[in-house]
Amino acid sequence: IAYRDVGDSNYGKAIVGTISGTSISFGTEVTIASVYFQNPKQAYDANTQKIAIIYQDYTAGDGKGIVGTISGTSISFGTATQFTANNIEEISGAYDSVAQKVVYSYRDTSNSNVGTTVVGTISGTSISFGTVVVFTSNNVFKTSTCFNVSSGKVVLVYQDITDSNNGKLLNGTVSGTSISFSSSITYNTSGFYGGNFVTYNSGEGSNVISYGIGGSTYLGLGI
């Protein structure tokens, strides 16, 4: 688990949990970064068996990534790598098991809130990044990312604020250290209230999206 510790100067912290039956026990808390740490999102790289976390370094005003190595009930971290000099929010991430890369999407608040994606490559205890890719020049919110093993595509959903707050879906293909996207598909025209999440259903080889919509009654929907 990665989080911002408000009680300790808003530093980034991580802790390892071990599940046994219906219980969970935790190791010792570890500091990820001694900065004002915001919006952490992590992905597990099965190839390197490492945890990759990206976050906004609010102290420096940029986006960074860092690699964690779990040993027993503890985790240690390498040196953080900057992938953008901009402020970022609404981060989500996934591991592409075909390309063996980690892929993160986010809202670039320093660039008119456009939707942006970056591909990361883990080597040892370090992570390097390709050039950031703008997946839409529209203002986005509520991004969520997963990997569809059946299609070999990165699946990205988001709220398109510029286009009447519609819910959009993109399929992305990683090549080297970059990613390209298909045309967007609209799956929700009722606006949003609450979350917007996509995951992969391995039994059906399909994706499941859950989100909330507003109106006279707030509803939670899944497709």
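Note that this is a predicted model, so its numbers are computed, not measured.

(A) View of the layout of surface pockets. For the largest pocket, the calculated volume is near 180 Å³. Every residue lining the largest pocket is listed: Asn39, Lys41, Glu90, Ile91, Ser92, Lys142, Thr143, Ser144, Gly195, Asn196 and Phe197. Among the secondary structure elements, those contributing two or more residues to the lining of the largest pocket are strand E6 (37–45), strand E11 (88–96), strand E15 (133–148) and strand E20 (196–201). A per-class count over the lining of the largest pocket returns two nonpolar, six polar and three charged.

(B) Structural context of the nonpolar core. In this structure, Phe83, Val102, Tyr104 and Ile127 are the most contacted members of the largest nonpolar core, which totals 15 residues. Breaking this core down by element, the ones donating at least two residues are strand E7 (50–57), E11, strand E12 (101–108), strand E13 (114–123) and strand E14 (126–129).

(C) Region of the structure containing the pattern of salt bridges. Counted under the stated rule, the structure contains eight salt bridges. Of the charged contacts in the structure, one is a salt bridge between Lys64 and Asp62, with a shortest N-O distance of 2.9 Å. Its relative accessible area of 5% is what places Asp62 among the buried residues. Here the salt bridges do not stand alone but share partners, grouping Asp5, Asp8, Lys13 and Glu29 into one network.

(D) Highlighting the sheet that holds strand E5 (residues 30–33). Strand order in this open sheet of three strands is E1-E2-E5, and the pairing throughout is antiparallel. Each edge of the sheet is formed by a strand with only one pairing partner; in this case those strands are strand E1 (2–5) and E5. Here the average twist between neighbouring strands, direction ignored, is 45 degrees. In terms of strand pairing, strand E2 (residues 11–14) meets E5 through three bridges, oriented antiparallel. Counterpart to Lys13 in the pairing with E5 is Thr31.

Thresholds applied
Residues numbered from 1 in each chain as written. Predicted model: local features only at pLDDT ≥ 70, side-chain atom pairs only at ≥ 80, totals over all residues. Heavy atoms only, no water. 1 Å grid on protein atoms, 1.4 Å probe; cavity = no way out; pocket = protein on both sides within 12 Å on 5 of 7 lines; lining within 4 Å. Points joined across faces, edges and corners; volume = space filled by probe spheres on them. Helix = DSSP H or I, 4+ residues; strand = E, 2+ residues; numbered from the N terminus. Nonpolar A, V, L, I, M, F, W, Y, C, P; charged D, E, K, R; others polar. Core = buried A, V, L, I, M, F, W, Y, C linked by side-chain atoms within 4.5 Å. Buried < 20%, exposed > 50% of the residue type's maximum accessible area, 1.4 Å probe, protein only. Salt bridge = Lys/Arg side-chain N within 4 Å of Asp/Glu carboxyl O. Pairing = 2+ DSSP bridges. Axes fitted to C-alpha atoms, helices over the stretch in contact; angles between N-to-C directions.

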